[in-house]
Structure formats: C-alpha cells, structure tokens
Amino acid sequence: MTENLKKELFRKMILIRLFEERVLELFSLGMLSGTTHAYIGQEANAVGVISHLNEEDTIFSNHRCHGHYLAKTRDVVGLLAEMMGKDIGVCSGLGGSQHICNQNFFSNGIQGSYMPIVAGMALAEKLNNTGAIVTAFIGDGTLGEGTVYETFNLASLYQVPLLTVIENNRIAQTTPITLSLAGSIADRPRAFGISTTEMDTTDVEVIFQCSGEIISQMRKDKKPHVLILNSQRLGPHSKGDDSRPLAEISEIRKLDPLLLMEDQLTVHDYALLRAQAKEIICQAEKEASESEMRFLEYAK
Ligand SMILES: Cc1ncc(C[n+]2csc(CCOP(=O)(O)OP(=O)(O)O)c2C)c(N)n1
Ligand SMILES: [Mg+2]
C-alpha cells in the first residue's frame, strides 16, 4: 500500500471519529435533537470496505450509519445539518441521524428491514448487467431478524452480487452476544452456500486489503459474499447509555483502530490529520448552525 493511500484511509477514519465525538458533545449541549448512534471504534470497517466502492455501487446501512455515510461521501455539512433538521441537510432535515438517502446510499433504523430490499437491488444489478454490487451493513444483534435469512436464501438461490458486512461488536444495545446468539455467525450464511470471510482485526489496512480481494472477485463472478468483521463499539450504544463495566471498556480500548493508525504516523502527520479533520467539522458546524430550520414553525 502506498503512503498516500494509507494516509487517505487514515484521513477518513479520523474525520469519522472527530465527527462522532463532536456529535455526542452537541447532543449533550442540547444542540441536536432526535437520537444518534456513534460509530466510535468501528471506523476501520467502513473505511476499509467502502473505499473500494464506486458511484454505481449501492450501500445500505443501519442506525449506526454516520461512519458509512462519511466514508462514502465526506459530506460532513449535509449530515450534521440533517441532524439539526436544517434545509441544507442531506435529506432536507427530514431523515435525521438514521434515515439518510443520497447518491446510492441509504440507511434505515429498523434492524433487518432493508435486507430483502438489498437482495432485490442486487438482483436488478445482475439482470441489468451493470457490474455494480450492493453492500449492506448489519450488526450482530440484527442476526436475530428472520429477514436476514430470507435474504441469504434468495441471494444464494439467485446468485446476486450482494456483499453483507456483519459488524460484530458483540453487543446489541445492552445485550451481549453471549446471551443472544447460538452457534457461530459464519455457519449461518455458509448454510445457504454463501462464501463467507471472518476477520478479527481493527487494522484498516488489513480490512482494506481483504475486502478489496472480495469485492474484485464479486465484480467478476457476481455472487453473494458475507464478510464478518469482529470489532469493538468503544462508545455508548446511543448517548450516555453504556452499561458495560469500565474494566471491559479499558480492555477493548486497546483495539481502538485509531491507536493502530497513530502508531504508523509521525507525531507531525498525526497532528496535521487531526487538525485538518477538526477544521472541516468546525466549518461544517458553523454552516449548518447558521442555515435555515426545515420546519420553522416547530423550531420556535
Ligand atoms: C426491528 C428493530 N428492533 C429493535 C430496534 C431497537 N434497536 C436499535 S439498535 C438496536 C441494537 C442493534 O444491535 P446490532 O445489530 O448489534 O447493532 P449495533 O447497535 O451493535 O451497531 C436495537 C435493539 C430496532 N431499531 N429495530
Ligand atoms: Mg452489535
């Protein structure tokens, strides 16, 4: 991997991290309403996978969608303004944190809701011979939804170019995976005959490399694939609602993808990347704050 590419990946990860940290601050200051689910700790997943996707490819995401959206678009103003309910928001302030729709990017807060839809979208890409692939991100908790298996079944039966990325942070809100999941995650898609890869790393370079191989293979054979990324949610589920013991958090902090990243940069480069991301977020916040509310009559 070239130094430039590596920096590009780091740049995106740090933008997502600082964005999410600021979003949590803005909520606590009462400057955002609705809800939010920070992507802190999982940045390497979005950046590693989405950096291989192009304009024609469709991405479907979930309640924890900011990292996926920023990895694809870097549209900090659009996302922040959306969460503020502003006209210049990516969905004119109507979608909020969880319901984004822009440039082949969609997100929905109802777990598993979009899985049958992504199978249909991938089938359309295949029938139209576009060469595009569809990627759906789901969490481990979503493996409790029957739609996931209906989707695996049809995706395999019709052999459609659907990449399902399961971000296994081992927890769903407050329920650890040990209380909700029988057997192994990888055995589930494999039972439907879907090629499945499982990765146990938070290193963006490794995720980038491996997902690149999977995606280029999918572009050739147009078959479904499931990528399981074992990772860590370092922040709360939503806002200030982390029920895990502090000891557990300090243990998983050692796997922070940004720590791995930091180790590979000079002090100067790290400070520069942080400062650049901070500036982008600062400017975006200013622009979003100063713009018009979507529903002025409710804002009074
Ligand atoms: C069908 C449905 N049931 C319950 C919820 C409430 N809910 C929102 S996020 C969440 C946990 C999701 O866990 P997981 O899929 O592991 O994703 P993570 O939050 O860990 O990223 C729950 C239960 C929901 N959004 N949709
Ligand atoms: Mg989870």
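Look up: the structure comes first, before these words.
In what follows, the accompanying structure is described. (Residues numbered from 1 in each chain as written. Chains lettered and ligands numbered in written order. Predicted model: local features only at pLDDT ≥ 70, side-chain atom pairs only at ≥ 80, totals over all residues. Heavy atoms only, no water.)

## Things to note about the coordination of the magnesium ion (ligand 2)
Selection criterion: Distances decide who is a donor: an N, O or S atom must be within 2.8 Å of the metal, or within 3.2 Å for Na, K and Ca. Water is not included, so sites may look incomplete. Exposed residues in this analysis have more than 50% of their type's maximum accessible area, buried residues have under 20%, and partly exposed residues fall in between, with area computed by a 1.4 Å probe over protein chains only.
Listed as protein donors to the magnesium ion (ligand 2) are Asp140 (OD), Asn169 (OD1) and Ile171 (O); their distances from the metal cover 2.1 to 2.2 Å. All donors to the magnesium ion (ligand 2) come from one chain, and their sequence spacing reads D-x28-N-x1-I. Accessibility expressed as a relative area gives 8% for Asn169, which makes it buried.

## Considerations on the sheet that holds strand E5 (residues 162-168)
For the record, the criterion: The pairing criterion for strands is at least two bridges between them, as found by DSSP. Starting at the N terminus, helices and strands are each numbered in turn, a helix being any DSSP run of H or I of at least four residues and a strand any DSSP run of E of at least two. Residues are treated as being in contact if the distance between any of their heavy atoms lies within 4.5 Å. Think of each axis as a best-fit line through the C-alpha atoms, taken over the contacting stretch in the case of a helix, with angles from 0 to 180 degrees between the N-to-C directions.
If you walk across this open sheet you meet the seven strands as E2-E3-E1-E4-E5-E9-E8, and the pairing is mixed. Looking at which strands have only one partner, the edges of the open sheet turn out to be strand E2 (101-102) and strand E8 (195-199). The strands touched by helix H3 (residues 66-73) within the sheet are strand E1 (58-61), E2, strand E3 (105-107), strand E4 (134-139) and E5, with E3 carrying the most contacts at an inclination of about 175°.

## Quick look at the site of ligand 1
Filter applied, for reference: Proximity criterion: a residue is near a molecule or strand once any of its heavy atoms comes within 4 Å of it. Pairs of N or O atoms are called polar contacts if they sit within 3.5 Å, as long as, within protein, a hydrogen donor faces a hydrogen acceptor (for residues adjacent in sequence, only side-chain-to-side-chain pairs). All accessible areas in this document rest on Shrake-Rupley with a 1.4 Å probe, and a residue is counted as covered only by the protein chains that are shown.
Near ligand 1 there are 15 residues, and of these His63, Arg64, Gln111, Gly141 and Thr142 occur at the shortest range. Between Asn169 and ligand 1, the recorded distance is 2.8 Å, taken from a side-chain N or O atom to an oxygen atom. Alone, ligand 1 offers 580 Å² of accessible surface; in the complex the protein occludes 75% of this.

## A closer look at the packing of helix H2 (residues 43-50) against helix H8 (residues 204-221)
Defined as follows: Left-handed describes a crossing whose near helix is turned anticlockwise from the far helix by less than a right angle; the clockwise case is right-handed. Put simply, Ala, Val, Leu, Ile, Met, Phe, Trp, Tyr, Cys and Pro go in the nonpolar bin, Asp, Glu, Lys and Arg in the charged bin, and everything else, Gly too, in the polar bin.
Running from N to C, H2 and H8 cross one another at 40°; their axes reach a closest spacing of 8 Å. Here H2 and H8 pass one another in a crossing that is right-handed. When H2 is examined against H8, the residues Ala44, Asn45, Val47, Gly48 and Val49 are found in contact with a partner set consisting of Val204, Ile207, Phe208, Ser211 and Ile215. For the contact of H2 with H8, a count of residues per class yields seven nonpolar, three polar and no charged.

## Quick look at a nonpolar patch on the surface
For clarity, the cut-off: A patch consists of residues exposed above 30% relative accessible area that lack any salt bridge, with like charges linked at up to 9 Å and nonpolar side chains (Val, Leu, Ile, Met, Phe, Trp, Tyr) linked at up to 5 Å. Any carboxyl oxygen of Asp or Glu that lies within 4 Å of a side-chain nitrogen of Lys or Arg is treated as forming a salt bridge with it.
Taken together, Leu154, Leu157 and Tyr158 make up a surface patch of nonpolar side chains, about 300 Å² in accessible area. Within the secondary structure, Leu157 sits in helix H6 (residues 146-158). Note on Leu157: relative accessible area 58%, which makes it exposed.

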